[in-house]
Amino acid sequence: MPLLLPKRIKYRKAFRGKRRGMAKGGVRLAFGEFGLKALGNGWVTAAQIEACRVAISRSLARGGKVWLRIFPDKPVTTHGQEKPMGAGKGMVDHWVAVVKRGRILFEIDGIPEMLARETFRLAACKLSLKTRFISRKDELGT
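The paragraphs below set out a description of the structure included in this document. (Residues numbered from 1 in each chain as written. Predicted model: local features only at pLDDT ≥ 70, side-chain atom pairs only at ≥ 80, totals over all residues. Heavy atoms only, no water.)

Regarding helix α1 (residues 46–60)
Because the α-helix completes a turn every 3.6 residues, residues three or four places apart line up on one side. Its 15 residues give α1 an end-to-end C-alpha distance of 21 Å, which sits within 8% of 21 Å, the value for a rise of 1.5 Å per residue. Here the buried face of α1 lies against β2 (42–45), β3 (65–68), β5 (91–99), β6 (104–109) and α2 (113–124). (Helix = DSSP H or I, 4+ residues; strand = E, 2+ residues; numbered from the N terminus. Expected span 1.5 Å × (residues − 1). Contact = heavy atoms within 4.5 Å.)

Written as structure tokens, this is what we have:
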């Protein structure tokens, strides 16, 4: 499966933006019983999302259902090595999802809690930010 990227965008190149603050949406479990929540701010690349998706689906072995709650919709540009300063903005290199703390990254349903914990542990190793395992019963309790 190819990496995730938007079909169409309004502008080809984007500013870097700020990565501080809390997530405004996507902070509660919406689909599954268990989730992986971001504890910090950062960019998650399309390759990291795909690596997590593959790790989760292999761990589940055709059982349970997975939801991706983030999508890489921000273009990141890079310049060539020998380009002089003042040569304009570089070409789009890869796509990232801006993740703020509190955001649910992935959700799983239809499997026992111990398997879900192990699955999300494998997925969290592929990410560049700290995460926490959450479950629906934890949300109801607090």
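A word on the environment of Phe71
Topologically, Phe71 is positioned in the loop between β3 and β4 (74–78). Its relative accessible area of 39% is what places Phe71 among the partly exposed residues. A sequence separation of 27 residues divides Phe71 from Val98, and the C-alpha atoms of the two residues are 8.7 Å apart. Apart from residues lying up to four places away in sequence, Phe71 is in contact with Leu4, Leu5, Pro6 and Ala97. (Buried < 20%, exposed > 50% of the residue type's maximum accessible area, 1.4 Å probe, protein only.)

A closer look at the sheet that holds strand β7 (residues 131–135)
Spatially, four strands are ordered β3-β6-β1-β7 in an open sheet, and the strand pairing comes out antiparallel. Pairing within the sheet leaves two strands with one partner each, and these edge strands are β3 and β7. The average undirected angle you get between the axes of adjacent strands in this sheet is 20°. Relative to β6, strand β1 (residues 34–38) runs antiparallel, the two being bridged by four bridges. Within β6, the position partnered with Phe34 by the bridge is Ile108. Packed onto the sheet, α1 meets β3 and β6 and runs at close to 15° relative to β6. (Pairing = 2+ DSSP bridges. Axes fitted to C-alpha atoms, helices over the stretch in contact; angles between N-to-C directions.)

A word on unusual backbone geometry
Despite not being glycine, Ala61 shows a phi value in the positive range, around 50°. Looking at where Ala61 falls in the secondary structure, it is placed in the loop between α1 and β3. Classification of Ala61 by relative accessible area gives partly exposed; the value is 47%. In this model, Arg62 sits at a positive phi of 65°, which is unusual for a non-glycine residue. With respect to the secondary-structure elements, Arg62 resides in the loop between α1 and β3.

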